[in-house]
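Listed here are the chains, written in short residue letters.
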Amino acid sequence: MSLQDITDRIAKAESASGRATGSVKLIAVSKVQPNDRVEAVLQQGHRCFGENRVQEAAGKWPAFRESYPDVDLHLIGPLQTNKARQAIELCDAIHSVDRPKLAKTLARLAQEMGKCPDLFIQVNTGEEDQKAGVLPLDADTFIAECRGLDLPLRGLMCIPPVEEEPALHFALLAKIAERNGLDGLSMGMSSDFESAIALGATHVRVGSAIFGARVKPEE
Ligand SMILES: *Cc1c(COP(=O)(O)O)cnc(C)c1O
């Protein structure tokens, strides 16, 4: 696979579901990829990237930004409150807002720093113990709470359980977003982004299908 293959497949999936070309944003997930692979994708003109750790993002993106100032960096992994300031400094979007304490910290820092990335609330659609995200039953309340804090809510995000049919989870996320008047849907990865687009994804997070298998373990 290559960047071009993936953008072609996204365009096909957009038109297959009657969606405008370019309505889905491709986040190229560059976590634990060697810098030369990331550089190659930058050189092809792609600018939107995803990282799942603040530490790792801080280690590589300030340098890339010097050569490519229009990089659009999305944090897609769990965020500890003590890294929230650094995340706001580094990132253009955060997809993992998942608890009141983090929402309050982001609201306070946004006030103080005079800026805030676009925010997505992560929903634990599979209700998995090991996974971050608000439970589907708590989502409406948490969305209202974030709105009460004046946070720039862009939409919802989910990571379906590996063993289950992802479309069920994408449909659930879309339903929660719709009843709350949110139109951003961050869903779909290398193995299922076409199904996510059919169900309304506005942001797909694709790593290994663009860059190849991750060379280092994630944890
Ligand atoms: C790693 C990761 C991805 C990309 O996964 P691939 O299967 O390599 O496309 C997407 N979303 C999140 C939250 C991730 O951590």
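Residues numbered from 1 in each chain as written. Predicted model: local features only at pLDDT ≥ 70, side-chain atom pairs only at ≥ 80, totals over all residues. Heavy atoms only, no water.

Looking at an unreviewed UniProt entry, one finds the protein named Pyridoxal phosphate homeostasis protein, with Ruegeria conchae as its source organism. The heading Sequence similarities (unreviewed entry) in the UniProt record of the protein holds the text "Belongs to the pyridoxal phosphate-binding protein YggS/PROSC family." (UniProt positions renumbered as here; feature names shortened; annotations may be inferred.)

1. Re the UniProt feature "modified residue: N6-(pyridoxal phosphate)lysine" (unreviewed entry) in the protein
UniProt's feature table lists "modified residue: N6-(pyridoxal phosphate)lysine" (unreviewed entry) at K31, given in the numbering used throughout. In this structure, K31 sits in the loop between strand 1 (25–29) and helix 2 (35–43). Judged by relative accessible area, which is 11%, K31 ranks as buried. (Helix = DSSP H or I, 4+ residues; strand = E, 2+ residues; numbered from the N terminus. Buried < 20%, exposed > 50% of the residue type's maximum accessible area, 1.4 Å probe, protein only.)

2. Points about the UniProt feature "domain: Alanine racemase N-terminal" (unreviewed entry) in the protein
Mapped onto this numbering, the UniProt entry annotates "domain: Alanine racemase N-terminal" (unreviewed entry) at residues 4–214. Annotated as residues 4–214, this span is 45% helix and 17% strand, and its ends, taken at the C-alpha atoms, are 19 Å apart.

3. Comments concerning the environment of G50
By secondary structure assignment, the location of G50 is in strand 2 (residues 48–51). Measuring from C-alpha to C-alpha, the distance between G50 and A28 comes to 5.8 Å, with 22 residues separating the pair along the chain. The contact partners of G50, leaving out residues within four places of it in the chain, are I27, A28, V29, S30, K31 and H74. (Contact = heavy atoms within 4.5 Å.)

4. Observations regarding the site of the ligand
For the ligand, the full set of nearby residues is V29, K31, I76, I159, M189, S190, R205, V206, G207, S208 and R214. With respect to the ligand, the side chain of S190 contributes an N or O atom lying 2.5 Å from an oxygen atom. At a separation of 2.7 Å, an oxygen atom of the ligand approaches a polar side-chain atom of R214. Considering the ligand on its own, with 390 Å² of exposed area, one finds that the protein chains cover 90% of that surface. In the shell around the ligand, the residues fall into 5 nonpolar, 3 polar and 3 charged. (Near = heavy atom within 4 Å. Polar contact = N/O pair within 3.5 Å; in protein donor to acceptor, adjacent residues only side chain to side chain. Areas by Shrake-Rupley, 256 points an atom, 1.4 Å probe, with all protein chains shown as cover. Nonpolar A, V, L, I, M, F, W, Y, C, P; charged D, E, K, R; others polar.)

5. Some points on the packing of helix 6 (residues 136–148) against helix 7 (residues 166–179)
Between two packed helices, the angle of one axis relative to the other and the distance separating the axes together describe the packing. Their axes nearest at 10 Å, the elements helix 6 and helix 7 cross at an angle of 30°. In terms of axis orientation, helix 6 runs roughly parallel to helix 7. Both helix 6 and helix 7 take part in a crossing whose hand is right-handed. Contact residues: helix 6 offers P136, A139, D140 and I143, while helix 7 offers L172, I176 and R179. Grouping the constituent residues of the contact of helix 6 with helix 7 by class yields 5 nonpolar, no polar and 2 charged. (Axes fitted to C-alpha atoms, helices over the stretch in contact; angles between N-to-C directions. Parallel < 35°, antiparallel > 145°, perpendicular 65-115°, else oblique. Left-handed = near helix turned anticlockwise from the far one by under 90°.)

6. What to know about the pairing of strand 6 (residues 153–157)
Within strand 6, 4 of the 5 residues are buried, leaving the element largely enclosed by the surrounding structure. When strand 5 (residues 118–122) meets strand 6, the two strands line up parallel, connected through 4 bridges. When the sheet's bridge partners are listed, F120 is paired in strand 6 with G155. Regarding topology, helix 6 serves as the crossover connection from strand 5 to the parallel strand 6, and that connection is right-handed. The pairing of strand 6 with strand 7 (residues 184–186) spans 3 bridges and is classified as parallel. Across the sheet, the residue bridging to M157 is S186, located in strand 7. Taking the sense of rotation as the criterion, the β-α-β connection linking strand 6, helix 7 and strand 7 turns out right-handed. (Pairing = 2+ DSSP bridges. Right-handed = clockwise from strand over helix to strand, strands pointing away.)

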